Amino acid sequence: GGPSAFSATGGTETSYSGYKVHTYTTVGTSTFEVTGAPGPVDVLVVGGGGGGAAGASSGGGGGGGVVYEPNRSVTTGTINLGVGGGGASNTNGSNSGPLTSPTTITGIGGGTGGTRTPSAPGPGNAGGSGGGGGSDGGGGTIYPGGASTQTAPYNGTGTGYGNAGGSGQHIGGAWEGGGGGGGAGAVGTNGTPGSPTGGPGGAGIANSISGSSVTYAGGGGGSGNSFGSGGPGGGGAATGTTGVVGTDGLGGGGGAGNTTGGAGGDGIVIVRYAV
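Residues numbered from 1 in each chain as written. Predicted model: local features only at pLDDT ≥ 70, side-chain atom pairs only at ≥ 80, totals over all residues. Heavy atoms only, no water.

(A) Seen up close, the overall build of the protein. Along its length, the protein carries zero helices and 13 strands. Walking the protein from its N terminus toward its C terminus, one meets helices and strands in the order β-β-β-β-β-β-β-β-β-β-β-β-β. Of the roughly 9300 Å² of accessible surface on the protein, a fraction of 54% belongs to carbon and sulfur atoms. (Helix = DSSP H or I, 4+ residues; strand = E, 2+ residues; numbered from the N terminus. Areas by Shrake-Rupley, 256 points an atom, 1.4 Å probe, with all protein chains shown as cover.)

(B) Looking closely at the nonpolar core. Ranked by internal contacts, the top residues of the largest apolar core, which has 18 residues, are Phe-6, Phe-32, Val-41, Val-43, Leu-99 and Val-269. For this core, the elements supplying multiple residues, two or more each, are β4 (28-34), β5 (39-46), β6 (66-74), β7 (77-83) and β13 (268-274). Membership of the second largest hydrophobic core comes to 13 residues, among which are Leu-44, Val-46, Leu-250 and Ile-268. (Core = buried A, V, L, I, M, F, W, Y, C linked by side-chain atoms within 4.5 Å. Buried < 20%, exposed > 50% of the residue type's maximum accessible area, 1.4 Å probe, protein only.)

(C) The arrangement of the sheet that holds strand β2 (residues 12-16) in detail. Ordered by their spatial adjacency, six strands build an open sheet running β2-β3-β13-β5-β6-β10, and the pairing between neighbours is antiparallel. Each of the sheet's edge strands pairs with one partner strand only, and the pair in question is β2 and β10 (159-161). The mean angle between the axes of side-by-side strands here comes to 20 degrees, regardless of whether they run parallel or antiparallel. Here β5 pairs with β13 via five bridges, running antiparallel. Residue pairing for β13: Val-45 is matched across the bridge by Val-269. (Pairing = 2+ DSSP bridges. Axes fitted to C-alpha atoms, helices over the stretch in contact; angles between N-to-C directions.)

(D) Representation of unusual backbone geometry within the structure. The backbone of Ser-57 shows a phi angle near 60 degrees, a positive value even though the residue is not glycine. Position of Ser-57 among the secondary structure elements: in the loop between β5 and β6. Of note in this structure, Asn-90 is not a glycine but carries a positive phi near 65 degrees. Of note, Asn-90 is situated in the loop between β7 and β8 (96-99).

(E) Representation of the environment of Gly-221. Summarising the element assignment, Gly-221 is placed in the loop between β12 (214-216) and β13. Between the C-alpha atom of Gly-221 and that of Ala-237, which follows or precedes it by 16 residues, the distance is 4.8 Å.

(F) Summary view of the packing of aromatic side chains. Tallied over the entire structure, the rule returns three aromatic pairs. A centroid spacing of 4.6 Å and a plane angle of 70 degrees characterise the contact between Phe-6 and Tyr-273, whose relative ring orientation is edge-to-face. Of this pair, Phe-6 sits in the segment before β1 (8-9) while Tyr-273 sits in strand β13, and the two are 267 residues apart along the sequence. Taking 5.6 Å as the distance between ring centres and 35 degrees as the angle between the ring planes, the aromatic pair formed by Tyr-16 and Tyr-19 counts as tilted. (Phe/Tyr/Trp six-rings, centres within 6.5 Å; stacked < 30°, edge-to-face > 60°.)

(G) Representation of the side chain of Ser-58. Within the secondary structure layout, Ser-58 lies in the loop between β5 and β6. Here Ser-58 falls in the buried class, since its relative accessible area comes to 0%. Of note is the side chain of Ser-58, whose polar atom sits 3.4 Å from the backbone oxygen of Ala-54. (Polar contact = N/O pair within 3.5 Å; in protein donor to acceptor, adjacent residues only side chain to side chain.)

(H) Focus on the environment of Phe-227. Tracing the backbone through its elements, the reader meets Phe-227 in the loop between β12 and β13. With relative accessibility at 34%, the residue Phe-227 sits in the partly exposed group. Leave out the neighbours within four places in its chain, and Phe-227 touches Gly-198, Gly-222, Ala-238, Thr-239, Gly-240 and Asn-258. (Contact = heavy atoms within 4.5 Å.)

(I) The sheet that holds β7, seen in detail. Ordered by their spatial adjacency, three strands build an open sheet running β1-β4-β7, and the pairing between neighbours is antiparallel. This sheet does not close on itself; its edge strands, each paired only once, are β1 and β7. Note that β1 and β4 share two bridges and pair antiparallel. Directly across from Thr-9, in β4, lies its bridge partner Glu-33.

(J) Geometry of the pattern of salt bridges. Taken as a whole and assessed by the stated rule, the structure comprises three salt bridges. The closest approach of N and O atoms between Lys-20 and Glu-13, which form a salt bridge, is 3.0 Å. The exposure class of Glu-13 is partly exposed, given its relative accessible area of 36%. (Salt bridge = Lys/Arg side-chain N within 4 Å of Asp/Glu carboxyl O.)

Take a look at the structure:
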């Protein structure tokens, strides 16, 4: 017989107030090795943020989808997991997960923002949180932000968090505002009607699994002649050149840029249990 109490190894291991924490931030596949008896763990999974769109009046990237599942039952042995990378300019973020045993958890990568037509289609992409919509460059169409496709764990008991991106706005002039990317805690803000101002990214969601409250998966800001701020939780602001990158380890969406979109931030997986 092995040890009777729950124990595990993997990732960066820390402890606080009666808990042991395993944190994974390296993009790619890793393992969580349960070496003791089966037991319950709390799990946070955050997908990679979507990249901001490139081009004037473009949408910000959506934050990565977030899943939190407390009291998840795991068995002795190897549990596979993966951390998703943030998307480059005009690219969705990658999923974090699947985290297996006995069911699957996936934090879906954030959607990239839509760009101003006619250079590319205008709507934001769907993702964990959707990217902001682009403007149409004066043609009269308002392009919506992408939808959230984040769900709770399949057959699990956790909660999934994600929101849609904001819409781009048409004002009939040379400049319009792109929408902000959605965040895990709030929708992205629309571009400002009647003003060439990009929308701010949506706020992320706070979680204290690490031992202190951290906000994850904010959306990136939309661009225009004025620029949307990044959402709390690692979202990057839009700029007139290259959008600000989303924060790694938070899954923040990248800000739109009038020349290049900022990359989304890499995701994270955190596992905690009582000791």
